[in-house]
Each structure stands twice: as structure tokens, then as C-alpha cells.
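What follows is the residue order along each chain.
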Amino acid sequence: MSSITLALSKGRIFEETLPLLAAAGIVPTDNPESSRKLIIGTNRPDVRLVIVRATDTPTYVQYGAADLGIAGKDVLIEHGGAGLYQPLDLNIAKCRLCVAVQKGFDYAAATRPGGRIRVATKYINAAKAHFAGKGMHVDLIKLYGSMELAPLVGLADAIVDLVSTGGTLRANNLEEVEDIMPISSRLIVNQASLKLKRDLLQPVLEAFSGAIKP
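Only a predicted model underlies this, so the values are computations on that prediction, with no experimental measurement involved. (Residues numbered from 1 in each chain as written. Predicted model: local features only at pLDDT ≥ 70, side-chain atom pairs only at ≥ 80, totals over all residues. Heavy atoms only, no water.)

**A short note on the side chain of Arg-186**
(1) Moving on: Summarising the element assignment, Arg-186 is placed in strand E11 (residues 185-190).
(2) Moving on: When its relative accessible area of 17% is taken as the criterion, Arg-186 is described as buried.
(3) Moving on: Within polar-contact distance, the side chain of Arg-186 engages the side chain of Asp-89 at 3.4 Å.
(4) Moving on: Here the side chain of Arg-186 touches Ser-184 through a polar contact of 2.8 Å, side chain to side chain.
(5) Moving on: The contacts of Arg-186, once residues within four sequence positions are left out, are Gly-69, Ile-70, Ala-71, Lys-73, Leu-76, Gln-86, Leu-88, Asp-89 and Leu-90. (Helix = DSSP H or I, 4+ residues; strand = E, 2+ residues; numbered from the N terminus. Buried < 20%, exposed > 50% of the residue type's maximum accessible area, 1.4 Å probe, protein only. Polar contact = N/O pair within 3.5 Å; in protein donor to acceptor, adjacent residues only side chain to side chain. Contact = heavy atoms within 4.5 Å.)

Have a look at this one:
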């Protein structure tokens, strides 16, 4: 029997995807937060979930290890989106990608034409495109976590990172100086799966579409 595999990451994306799955009549049999299983069954024998790192979701879908997945716009920009169909903005896991600096740093002066700054981020592609659009020269430093530390110890002048409430920035004496883009999670589909498993996938896509909240 033909089946479909959905790639999801733990945490906020998984929790906010549950109502969408329910709208499609899909209920996971285990909670990935409490289970060590990486492949989770559902109430439907033709649907299973694979639990992956958020940054790996597009890769699993691109190469057909999963038929569809849910990934943040930030992750998709860094991945490049090759081989992926992105039919829906699900309006979940919302936040924004911002530039932040240590309080007291003169960002306006540092970013004048001809200026050069060092920026720490794990979102290299998004940061590069943003600063190139401003005609700025930047030295991008790839980090994987604790971005807020970089300006405090002199590693970078600024950071580009996801911000939800801004609480972590404030706790570390940083402030937002520029919004780059709003971020939310998208439904992504393997292009070959869409052709070969359309009868299975289309009802799921339609259910998700009808359950999206503004």
C-alpha cells in the first residue's frame, strides 16, 4: 500500500502542527518530546512521521526520504529550496529575523556607505542578501548558538538572529536595530511525490490549507 512520510522537528513546530494534522484526520501515536522514537506512527496506517533536526527537514524532503515536511522560512532560505514545492505558508512558529547590537553601539554610523562590520549569525544566506541590498561590506561569522554572546566578547559588532519576544536580547544588554523579515513555517513537498502520490497528498494539503489561522 502506498504511504506518505511527513518530516517534523521537535518543539514549537511539532506542537503548532498538531491542530493541522488533526484537521487532516492524522493523530500521532507518540509524543516526540517524551519518546525516543525517530519514526512515529499515526492513527492512519498510510501516514508516518519522522522526527528530524529543523535544519535537516528540507534535505529529507528534497531527496525523497520524506514526502512532505514543515520548515521555517529561515531554514528554507539557508537550504536554498532546491527540489521543493512550497504550497502553503502555515502561519505557525512565527517570529522575525533581525539585526541586533550591544546597547550603545552606533549602528547607524557603522553601516554608512563604505562602512564594514562583523556580523555573527547562523543565517549566512539571509544576512548576506540583506547587507548586500544595503550596499554594505560585512564579514560574516558562522555560529550555531548563543549569538548574543558574540558582541559582548568582541567577536562581532552585530548579530543576525531570530527574535520572538526580545527577552534574551534584553537580558544580555542587546537591542534590535533592524528587522530583516518576518518568519513563519511552510509546508514543503517533494516534487516527485506530488506527482506520484497526488491522491494521498492532495487531501492533506487541502486540510492544512483550510485549517490555517490568519
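**A few points about the environment of Arg-53**
(1) Moving on: Within the secondary structure layout, Arg-53 lies in the loop between strand E3 (47-51) and helix H2 (57-62).
(2) Moving on: Relative accessible area serves as the criterion here: at 63%, Arg-53 is assigned to the exposed category.
(3) Moving on: Residues Arg-53 and Gly-133, 80 residues apart in the sequence, show an inter-C-alpha distance of 30 Å.

**Side note on the UniProt feature "domain: ATP phosphoribosyltransferase catalytic" (unreviewed entry) in the chain**
(1) Moving on: Those residues carrying the UniProt feature "domain: ATP phosphoribosyltransferase catalytic" (unreviewed entry) are residues 53-208 in this numbering.
(2) Moving on: Along residues 53-208 the backbone is 34% helical and 34% strand, and the end-to-end C-alpha distance reaches 22 Å. (UniProt positions renumbered as here; feature names shortened; annotations may be inferred.)

**Topic: the nonpolar core**
(1) Moving on: With 28 residues, the main nonpolar core has Leu-8, Leu-68, Ile-70, Leu-90, Leu-187 and Phe-208 as its most contacted residues.
(2) Moving on: Sorting the residues of this core by element identifies strand E1 (4-8), helix H1 (12-23), E3, strand E4 (68-72), E11 and helix H9 (198-211) as the ones contributing at least two each.
(3) Moving on: Broken down by element, the residue count for this core peaks at six residues, all from H9.
(4) Moving on: Not counting the four nearest positions on each side in its chain, Phe-208 is found in contact with Leu-20, Leu-21, Ala-24, Ile-70, Leu-88, Leu-90 and Leu-187. (Core = buried A, V, L, I, M, F, W, Y, C linked by side-chain atoms within 4.5 Å.)

**Observations regarding helix H5 (residues 124-133)**
(1) Moving on: When H5 is considered as a whole, its buried residues turn out to be Ile-124, Ala-126, Ala-127, His-130 and Phe-131. When H5 is viewed along its axis, its buried side chains cluster within an angular range of 165 degrees and face the same direction. Along H5, the residues that are exposed and aim more than 90 degrees away from the buried face are Ala-129, Ala-132 and Gly-133.
(2) Moving on: Note on H5: the residue one or two positions beyond its end, Gly-135, has a positive phi of about 70 degrees. (Arc of directions from axis to C-beta.)

**Comments concerning the pairing of E3**
(1) Moving on: Of all five residues that make up E3, four are buried, and the element is covered over most of its length.
(2) Moving on: Bridge analysis of E1 against E3 gives five bridges, and the strand direction is parallel. Counterpart to Ile-4 in the pairing with E3 is Val-47.
(3) Moving on: As paired elements, strand E2 (residues 39-41) and E3 share three bridges and run antiparallel to each other. Looking across to E3, one finds that Ile-39 is bridged to Val-50.
(4) Moving on: The turn linking E2 back onto E3 is made up of five residues. (Pairing = 2+ DSSP bridges.)

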